[in-house]
Each structure stands twice: as C-alpha cells, then as structure tokens.
Amino acid sequence: DVKVTQSSRYLVKRTGEKVFLECVQDMDHENMFWYRQDPGLGLRLIYFSYDVKMKEKGDIPEGYSVSREKKERFSLILESASTNQTSMYLCASSPATGNTEAFFGQGTRLTVV
Amino acid sequence: RKEVEQDPGPFNVPEGATVAFNCTYSNSASQSFFWYRQDCRKEPKLLMSVYSSGNEDGRFTAQLNRASQYISLLIRDSKLSDSATYLCVVKEAGTALIFGKGTTLSVSS
C-alpha cells in the first residue's frame, strides 16, 4: 500500500520560530510537492522537487524553503513563522513520468500564535 | 497565471439525484486531467483520471473537451457517501498538479 507520511498531524508554534515539516514517501517517487490549503483558496503549491537536491518554486514560495537530501524525504521549512502561515500543509508525491496521480500525506495543521 | 476554475457550490441534492460538476483550465498545453475527492479534514484522494475519449467508473463519468478546455464529472444515483469536495486537477509536462478550489457536494436523505 502506497504511503506518504507527514511527521505531525497538528502543530502549534510561536511567531518567529523556525518550523520544520517533514514528509516521507515509500514509493520511490521522483516528484514531491508541498501545498497549503486554506478555506476559499484551495490548494496552492509552495514548492516541488523532481529529484534529490532539486527544487522549484511554486505559486507561493515566499517565507518558505525546502530541502531534499534523500529521494524519500522532502522537508518544508518556515524560516520565521508568522500568523499568516497558519494553515493546513499537504505533502504529495508522484512518479516522474506518465499520466499518474499524486498521493497525499494526511496533512499537518499548523497554527502559529 | 495558470488556473483551474470550478463552481464552488455547494450543491445540495437528494439521494438518487444526478449531479454534474464543471471545470475549465487556462493552459492549452495541459496534458493530464484528474478528479480528486476530499472528505472533511482529510487529504485529497484520486477519484478518477480523465481521458480524451471520456471514461466511466461505476456511477461516475468524466469527460474532457480539449478544444474548449473543459472537464466535467457526472455522478448518477447519488449516495449519502458521495458528500465531499470534488477537486478538478490539471497537470502540464514537468510541473506539479494544479488544483481548482473544489466543488462541495452535499447529498441528503
């Protein structure tokens, strides 16, 4: 059974903290993605990676960075958390080729206070 | 800016009804098309891929019109368990999935 695992289901952090959201997939997928989902705005792409050490900015990369040191792990970093980064964060992975779906993790609901 | 547009709804229908969702996309170079389903407080999951010739999976039928850049999903004989948000998703070569904001369906008895 395919699996994308996010390290935390719920997280509460203080303004200004550095926050790490971790995502691991066990499907040997080349592509990995970070989205955030907010009411009325849908899923918006923050960053994606198509290979180890490779990254591409999505639609809303400001205030975020990513790290992909190993194929199975893709980390999202909030350099200095702000209240407007309170959101649901969803990690996904997909194979590099073909008309294939992306598989999502269960999501991390981050609250910045 | 590449966009996927959906009617947000909500669509409120009785059990047994037929309901259709529509979606338009802005980039004619888009290559792959999907409908995802998202239950409340859960992650999105693939409902079905959408092929140029149209495709059916049980009570669900998906259609694609490349000329009009339009995708549809038809649900027949709605069940209570179909209540969810349906996300139209588009992919171009070498890029991530682009999601519509979703259409909410509520099926009542």
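Residues numbered from 1 in each chain as written. Chains lettered and ligands numbered in written order. Predicted model: local features only at pLDDT ≥ 70, side-chain atom pairs only at ≥ 80, totals over all residues. Heavy atoms only, no water.

A look at the overall build of chain A
(1) Moving on: Across its full length, chain A holds zero helices and eleven strands.
(2) Moving on: Moving toward the C terminus, one meets the helices and strands of chain A in the order β-β-β-β-β-β-β-β-β-β-β.
(3) Moving on: Its C-alpha atoms give chain A a radius of gyration of 13 Å, within 12% of the compact-globule value 13 Å for 113 residues.
(4) Moving on: Principal-axis analysis of the C-alpha atoms gives chain A an extent of 40 × 25 × 25 Å.
(5) Moving on: Looking at chain A as a whole, 48% of its 113 residues qualify as buried.
(6) Moving on: Here the analysis covers contacts within chain A between residues at least 6 apart in sequence; of these, 54% occur between residues at least 24 apart.
(7) Moving on: For chain A, the accessible area works out to roughly 5500 Å², and carbon and sulfur atoms hold 50% of it. (Helix = DSSP H or I, 4+ residues; strand = E, 2+ residues; numbered from the N terminus. Rg over C-alpha atoms; globule rule 2.2 N^0.38 Å. Buried < 20%, exposed > 50% of the residue type's maximum accessible area, 1.4 Å probe, protein only. Contact = heavy atoms within 4.5 Å. Areas by Shrake-Rupley, 256 points an atom, 1.4 Å probe, with all protein chains shown as cover.)

Considering the packing of aromatic side chains
(1) Moving on: Taken as a whole and judged by the stated rule, the model has twelve aromatic pairs over all chains.
(2) Moving on: Taking 5.8 Å as the distance between ring centres and 70° as the angle between the ring planes, the aromatic pair formed by A:Phe104 and B:Phe99 counts as edge-to-face. You can see A:Phe104 sitting in strand E10 (residues 103-104) and its partner B:Phe99 sitting in strand E10 (residues 97-99), one on each of two chains.
(3) Moving on: One aromatic cluster is present, built from ring pairs that chain together A:Phe33, A:Tyr35, A:Phe48, A:Phe104, B:Phe34, B:Tyr36 and B:Phe99. (Phe/Tyr/Trp six-rings, centres within 6.5 Å; stacked < 30°, edge-to-face > 60°.)

Quick notes on the interface of chain A and chain B
(1) Moving on: Across the contact, 20 residues belong to chain A and 18 residues belong to chain B.
(2) Moving on: Taken together, both faces of the contact between chain A and chain B bury some 1600 Å²; the carbon and sulfur share is 53%.
(3) Moving on: The tally of links between chain A and chain B comes to zero salt bridges.
(4) Moving on: Summed over the shared surface of chain A and chain B, the result is four residue pairs in polar contact (both at pLDDT 80 or more).
(5) Moving on: Where the side of chain A that touches chain B is concerned, the elements lending two or more residues are strand E4 (31-38) and strand E5 (42-49) of chain A.
(6) Moving on: The biggest single contributor to the side of chain A that touches chain B is E5(A), with four residues. (Buried area = accessible area lost by both parts, 1.4 Å probe. Salt bridge = Lys/Arg side-chain N within 4 Å of Asp/Glu carboxyl O. Polar contact = N/O pair within 3.5 Å; in protein donor to acceptor, adjacent residues only side chain to side chain.)

Observations concerning the side chain of B:Thr103
All names here are of chain B.
(1) Moving on: Mapped onto the elements of the fold, Thr-103 is located in strand E11 (residues 103-108).
(2) Moving on: For Thr-103, the side chain forms a polar contact with the main-chain oxygen of Asp-7, separated by 2.5 Å.
(3) Moving on: When residues no more than four places from it in sequence are discounted, the contact partners of Thr-103 are Gln-6, Asp-7, Pro-8, Gly-9, Phe-11, Phe-21, Ala-84, Thr-85 and Tyr-86.

A few points about unusual backbone geometry
The phi angle of most residues is negative, glycine excepted, and most peptide bonds adopt the trans form.
(1) Moving on: For the bond running from B:Gly9 to B:Pro10, omega is 5°, close enough to zero to count as cis.
(2) Moving on: Phi at A:Asp28 takes a positive value of approximately 60°, unusual for a residue other than glycine.
(3) Moving on: Residue placement: A:Asp28 occurs in the loop between strand E3 (19-25) and E4.
(4) Moving on: You will see that B:Arg41, though not glycine, has its phi angle at about 65°, which is positive.
(5) Moving on: With respect to the secondary-structure elements, B:Arg41 resides in the loop between strand E4 (32-38) and strand E5 (45-49).

Thoughts on the sheet that holds E3(A)
All names here are of chain A.
(1) Moving on: Spatially, the four strands line up as an open sheet ordered E1-E3-E8-E7, and their pairing is antiparallel. The open sheet has two edge strands, strand E1 (4-6) and strand E7 (64-70), and neither has a second partner. Strand-to-strand, the axes of this sheet are offset by a mean angle of 20°, without reference to chain direction.
(2) Moving on: Examined bridge by bridge, E7 and strand E8 (residues 73-78) share five bridges and lie antiparallel to one another. What sits directly across from Ser-67, in E8, is Ser-75. (Pairing = 2+ DSSP bridges. Axes fitted to C-alpha atoms, helices over the stretch in contact; angles between N-to-C directions.)

Overview of empty space enclosed by the protein
(1) Moving on: One pass over the structure, following the stated rule, counts one cavity of 30 Å³ or more.
(2) Moving on: Taken together, ten residues form the lining of the largest cavity, with B:Glu3, B:Val4, B:Val90, B:Glu92 and B:Ile98 sitting closest to its centre. (1 Å grid on protein atoms, 1.4 Å probe; cavity = no way out; pocket = protein on both sides within 12 Å on 5 of 7 lines; lining within 4 Å. Points joined across faces, edges and corners; volume = space filled by probe spheres on them.)

None of the figures reported here should be taken as evidence of function without further support.
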